[in-house]
Amino acid sequence: MPLHHAVLALLSEGPSHGYELKGRFEQAIGPQWGGLNIGHLYQILDRLVRDGYVTRSQVAQTDRPDKTRYQLTPTGQDELTEWATAAWTRTGGFRDELFLKLLGAASLGADALDTLVEAQRQTYVSELAGLARLRRTHADDPLVALLVDAAIAHTKADLNLIDNAVQRLTPLINTGLGSRGDASPSGSAEGEDQSGRKETLSA
């Protein structure tokens, strides 16, 4: 997750300190994303300094320890521009634990699949209600509201998927997981005649 580019975006607005960057990130993105760990943030800043995208300097304070100030370099500005204006492409495939749970439930039979689908459906309905409340709370925060809208759209798509899961997965329950309906492999010791009875193949 390219959080280092988000940090560059925040620094494009002017020099800042670590905890200020953390607060600005969380305010800009909102609670749907989650908080930014300050230790992770300082690791990102160290990397940005190492790569020449950011400079680091000390700011003296009379009544407390000196602050470390970070500032975007021209190279960092170029990196931010290149990243922010390029299309995003999914590179890691589409993985979701839900599909593994559907696999597990289907392996246990129709009752287990029905139980999972109903429980998951109720979870998505509750999530949508919470997201709707969050959307109203952040109606005046454009970026936060946009992120909540994305979460709502994804959750609605997931709800539609789970509503169709039983119908789509019934063949797995009827034929067995991973079944392709193939005939017995060639070279095996047993085969089936047309009536379905197994017979020993002659040598």
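Provided above is the structure to which this section pertains.
Per chain, residues are indexed from 1 in the order of the written sequence. Given that the model is predicted, a residue must reach a pLDDT of at least 70 before its local features are reported, and side-chain atom pairs must reach 80 or more before they are shown or counted; all residues, however, enter totals for whole chains, interfaces and linings. Just so you know, side-chain values use all the structure's heavy atoms and leave hydrogens and water out.

A. Inspection of the packing of helix 1 (residues 3-11) against helix 2 (residues 18-29) at higher detail. Interhelical geometry of helix 1 versus helix 2 gives an angle of 100 degrees and a closest axis separation of 10 Å. Relative to helix 2, the element helix 1 lies roughly perpendicular. Here Leu3, Ala6, Val7, Leu10 and Leu11 of helix 1 lie close against helix 2, whose contacting residues are Leu21, Arg24 and Phe25. By residue class, the composition of the contact of helix 1 with helix 2 is 7 nonpolar, no polar and 1 charged. Lines fitted to C-alpha atoms define the axes here, with helix axes fitted over just the stretch in contact, and angles between the N-to-C directions of these axes take values from 0 to 180 degrees. Comment: elements are numbered from the N terminus, with helices defined as DSSP H or I runs of at least four residues and strands as E runs of at least two. For classification, angles of less than 35 degrees are called roughly parallel, those exceeding 145 degrees roughly antiparallel, those between 65 and 115 degrees roughly perpendicular, and all remaining angles oblique. Should any heavy atoms of two residues lie within 4.5 Å, those residues are counted as being in contact. Gly counts as polar in this scheme, as do all residues outside two lists: the nonpolar Ala, Val, Leu, Ile, Met, Phe, Trp, Tyr, Cys and Pro, and the charged Asp, Glu, Lys and Arg.

B. Structural view of helix 6 (residues 110-137). Taking 1.5 Å per residue as the helical rise, helix 6 with its 28 residues ought to reach 40 Å, and the 41 Å between its terminal C-alpha atoms agrees with that figure. Here's how the labels work: a residue is buried when its accessible area is under 20% of the maximum for its type, exposed when over 50%, partly exposed in between, all with a 1.4 Å probe on protein chains only. Among the residues of helix 6, Leu113, Leu116, Val117, Gln120, Tyr124, Leu128, Leu131 and Leu134 are the ones counted as buried. Between the first and last residue of a helix there are one fewer steps than residues, each counted as 1.5 Å, and that sum is the expected span.

C. Quick peek at the sheet that holds strand 2 (residues 54-59). With antiparallel pairing, 3 strands are arranged side by side in an open sheet as 1-3-2. Strand pairing shows two members of the sheet lacking a second neighbour, strand 1 (16-17) and strand 2, which therefore form its edges. Relative to strand 3 (residues 67-72), strand 1 is paired through 2 bridges, and the arrangement is antiparallel. In the sheet register, histidine 17 faces strand 3, and the bridge partner there is arginine 69. Each of strand 2 and strand 3 touches helix 3 (residues 38-50); the most contacted strand, strand 2, lies at about 115 degrees to it. Two strands pair under a simple rule: DSSP has to find at least two bridges between them.

D. The arrangement of the nonpolar core in detail. To qualify as a nonpolar core, a set must consist of buried Ala, Val, Leu, Ile, Met, Phe, Trp, Tyr and Cys residues joined through side-chain atoms within 4.5 Å. Formed by 19 residues in total, the largest nonpolar core has its most connected members in Val7 and Leu11. When contributions to this core are tallied by element, the ones reaching two or more residues are helix 1, helix 2, helix 3 and strand 3. The dominant element in this core, judged by the number of residues it contributes, is helix 1, at 6 residues. Once you skip the residues sitting within four places of it in the chain, valine 7 turns out to touch Leu21, Leu41, Ile44, Leu45 and Leu48.

E. Molecular detail of the pairing of strand 3. In this structure, strand 2 lies alongside strand 3, joined through 6 bridges in antiparallel fashion. Bridging across to strand 3, valine 54 finds its partner in leucine 72.

F. Broad picture of a nonpolar patch on the surface. There is a patch of nonpolar side chains on the surface, built from Phe94, Phe99 and Leu161 and spanning about 290 Å² of accessible area. Within the secondary structure layout, phenylalanine 99 lies in helix 5 (residues 97-108). On the basis of relative accessibility, which here comes to 37%, the residue phenylalanine 99 falls in the partly exposed class. Nonpolar side chains (Val, Leu, Ile, Met, Phe, Trp, Tyr) within 5 Å and like charges within 9 Å form the patches, drawn only from residues with over 30% relative accessible area and no salt bridge. Areas reported here follow the Shrake-Rupley algorithm with a probe of radius 1.4 Å; residue values treat only the protein chains shown as occluding. We define a salt bridge as a contact between a side-chain nitrogen of Lys or Arg and a carboxyl oxygen of Asp or Glu at a distance within 4 Å.

G. Quick look at the packing of aromatic side chains. Side-chain rings of Phe, Tyr and Trp, where Trp is taken by its six-membered ring, are said to pair if the distance between their centres is within 6.5 Å; with planes under 30 degrees apart they count as stacked, over 60 as edge-to-face, and otherwise as tilted. Taken as a whole, this structure holds 1 aromatic pair when the rule is applied. Measuring from ring centre to ring centre gives 6.5 Å for tyrosine 19 and tyrosine 42, while their planes differ by 75 degrees; the resulting arrangement is edge-to-face. In this pair, tyrosine 19 sits in helix 2 while tyrosine 42 sits in helix 3, placing the two residues 23 residues apart along the sequence. Since its relative accessible area comes to 59%, tyrosine 19 is described here as exposed.

Any link to function would need more than the numbers given here.
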